[in-house]
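# Structural description and commentary
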Amino acid sequence: LRAAHDTRALPPHQVTWESTISRAMYATASSSCDATTSLERRHFSRRATNPHSGAIVAPHRRPTTRADAVGSKHVYPEDYLDLGPRIRTQVLDDDAFDAAQFDFVCDARAPSEYDDDHVPGAVSTAVLNDAQRKEVGTLYKQVDPFEAKKVGAAMVAANLGKIIDERFLTAPRDTKILVYCWRGGERSLSLAHVLSRIGFDVYFAPGGYKRYRAGVLEFLRGMDKFRYHVIAGKTGCAKGKLLDALEAAGAQVIDLEVMANHRGSILGEEPGAREQPSQKMFDSRIAFKARTFDASRPVFVEGESSMIGKVQVPSTMWSGMRIADVTQLEIPMSERVKWIRAGYKHFETTETGRLLECIDVLVKRVGHERVSAWKTLVADGQWDEFVQDILENHYDAAYAAAAARSRPQEEEKAQVLFLDDTSDETYAKAAKELLRRYDPSAKA
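These notes cover the structure that comes with them. Because the structure is a prediction, the values reported are computed rather than measured.

Definitions and limits used
- Residues numbered from 1 in each chain as written.
- Predicted model: local features only at pLDDT ≥ 70, side-chain atom pairs only at ≥ 80, totals over all residues.
- Heavy atoms only, no water.
- Helix = DSSP H or I, 4+ residues; strand = E, 2+ residues; numbered from the N terminus.
- Buried < 20%, exposed > 50% of the residue type's maximum accessible area, 1.4 Å probe, protein only.
- Contact = heavy atoms within 4.5 Å.
- Pairing = 2+ DSSP bridges.
- Axes fitted to C-alpha atoms, helices over the stretch in contact; angles between N-to-C directions.
- Salt bridge = Lys/Arg side-chain N within 4 Å of Asp/Glu carboxyl O.
- Core = buried A, V, L, I, M, F, W, Y, C linked by side-chain atoms within 4.5 Å.
- Parallel < 35°, antiparallel > 145°, perpendicular 65-115°, else oblique.
- Left-handed = near helix turned anticlockwise from the far one by under 90°.
- Nonpolar A, V, L, I, M, F, W, Y, C, P; charged D, E, K, R; others polar.

### Points about the side chain of asparagine 159
Tracing the backbone through its elements, the reader meets asparagine 159 in helix H7 (residues 145-168). Residue classification places asparagine 159 among the buried residues on the basis of a relative accessible area of 11%. The residues touching asparagine 159, leaving out its near neighbours within four places in the chain, are Ala126, Val127, Leu128, Asn129 and Gln132.

So this is what it looks like as structure tokens:
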């Protein structure tokens, strides 16, 4: 009987009446030992095989959990519609999760939720916008859940049509789609169901964003497991370019300034994209990148303060950076000036007014006389002189003070790397030399 009971492991097309009866006999025997009633024993003898899905059905037994409804052990009553195994699951807090394996990762939450944070690479496919979500939520709490669901269903139905028109009308049948919402509820299920009925390869994320966020925080708590190598250097030494060259040569790199949409200084806002990500989004970007890293190899980062604009470097990562090996990058002042001007051209053209606003902020640090002199240089178009003066009389001093305060290892442990210019060839060669010395297993 126990051997017969193991037919539960058989694929649906191999489940026969004989195996079903054998399972019923085993279940009956087991139930008898547990003093099961005769009515329950008769129930087991009436099990049969659904001819369409191959699932074992029990006419008078309802499923006990939602997990049963999608699992191999689920038993559908004969008078219930068996929709079949159309939607698979994918958890978002698994280190093996890779959004790139999907053609679409759909965030079914409201736009404001998406903007605050989302799985990197996800697209916004809101089944309810912010106003609709608020309206339905108010109805649910203050009037009646059933009435709220009716109103919400009408809104969702209209929005689903727009989503399909905009995103999936030209998508091929084998398109692979992952859908999530706040915690794996009605919003993501509504979109996943419709996409699965069309015939796409659809995945659903149990626990949704809530589970994803918990996984991100858990991962960040372990960021001190990595061995960091800090690329330090004064403003204008093209440290970011060296990080790019290192990554191109096969190094493990986290560019914090890129992830923070900020260049780490009072003039650090990117043109046309002044908004930094939320702290949650910054966390997501770091975790998403670092999940792929090998902890036995170094992770190259730029020497930063613990705050980059308004976002904070994870404390465990920051503690690792403070004890890291350091390469101190140095280039001639003339090259620093050229690099700064190339990177901040918007201040010389379309956003000169914004530059003057930024300079005004420095009055408390350098005084009115120095700020007035800088404004004169800007007004006269003497850009080389302005950049060199603000580097020498503000940024270099500020960098030295910050390094002494929060990154004392830079002076004690730093190995100086002097480069003559900022050409691609010079930085590619320097990157290969750093990898030969600190990460010989790297492969481009």
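### Re the sheet that holds strand S6 (residues 176-180)
As summarised here, the arrangement of the five strands in space is S3-S7-S6-S4-S5, forming an open sheet in which the pairing is parallel. Of all strands in the sheet, those with a lone pairing partner are strand S3 (87-89) and strand S5 (123-124), marking the two edges. When strand S4 (residues 104-107) meets S5, the two strands line up parallel, connected through two bridges. In the sheet register, aspartate 107 faces S5, and the bridge partner there is serine 124. Contacts from helix H8 (residues 186-198) reach S3, S4, S6 and strand S7 (201-204), with the element oriented near 160° to S6.

### A few points about unusual backbone geometry
Residues other than glycine seldom take positive phi values, yet alanine 238 does so here, at roughly 60°. By the secondary structure assignment, alanine 238 is in the loop between strand S8 (227-233) and helix H10 (239-248). On the basis of relative accessible area, alanine 238 is assigned to the buried category, the value being 3%. Of note, asparagine 261 is a non-glycine position whose phi angle comes to about 50°, a positive value. Structurally, asparagine 261 can be placed in the loop between helix H11 (256-259) and helix H12 (279-290).

### Focus: the environment of lysine 176
Position of lysine 176 relative to the elements: it lies in strand S6. Expressed as a C-alpha distance, the spacing of lysine 176 and phenylalanine 102, which sit 74 residues apart in the sequence, is 5.2 Å. When near neighbours in sequence (up to four residues on either side) are disregarded, lysine 176 contacts Gln101, Phe102, Asp103, Phe104, Asp201 and Tyr203.

### A look at the pattern of salt bridges
Across all of its chains, the model carries 24 salt bridges by this definition. Measuring nitrogen to oxygen at the nearest pair gives 3.1 Å for the salt bridge that ties glutamate 147 to lysine 150. Taken together, the residues span about one helical turn, with glutamate 147 and lysine 150 both in helix H7 at a distance of three residues. Glutamate 275 is the salt-bridge partner of lysine 310, the closest N and O atoms lying 3.9 Å from each other. In this pair, lysine 310 sits in the loop between strand S11 (307-308) and strand S12 (311-312) while glutamate 275 sits in the loop between H11 and H12, placing the two residues 35 residues apart along the sequence. Residue class for glutamate 275 comes out exposed when judged on its relative accessible area of 62%. Linked by salt bridges that have partners in common, Glu113, Arg133 and Arg187 make up one network.

### Quick notes on the sheet that holds S8
The strand order across the open sheet built from five strands is S9-S10-S8-S13-S14, with neighbouring strands paired in parallel fashion. In the strand order of this sheet, the two ends are held by strand S9 (252-254) and strand S14 (415-418), each with one partner. On average, each strand axis in the sheet is tilted by 30° relative to the strand beside it, whichever way the strands run. Inspection of the sheet shows S8 paired to strand S13 (residues 325-330) by five bridges, in the parallel sense. Within S13, the position partnered with isoleucine 231 by the bridge is threonine 327.

### Let's talk about the nonpolar core
Judged by nonpolar contacts, the single largest core of 42 residues is most densely connected at Met223, Tyr228, Ile254, Leu256, Ile286, Met317 and Met321. Among the elements that take part in this core, helix H9 (residues 208-220) stands out by supplying five residues, more than any other. When near neighbours in sequence (up to four residues on either side) are disregarded, isoleucine 286 contacts Leu220, Met223, Ile254, Leu256, Met259, Pro314 and Met317.

### Description of the packing of helix H18 (residues 368-379) against helix H19 (residues 383-406)
Any two packed helices are characterised by the angle at which their axes cross and by the distance between the axes. Taken N-terminus to C-terminus, the directions of H18 and H19 make an angle of 160°; their axes are 8 Å apart at the nearest point. Taken together, the axis directions place H18 and H19 in an arrangement best described as roughly antiparallel. Regarding H18 and H19, the two cross each other, and that crossing is left-handed. Of the residues in H19, those in contact with Arg370, Trp374, Leu377 and Val378 of H18 are Trp383, Glu385, Phe386, Asp389, Ile390, Asn393 and His394. Looking at the contact of H18 with H19 residue by residue, the classes come out as six nonpolar, two polar and three charged.

These figures capture arrangement, not role.
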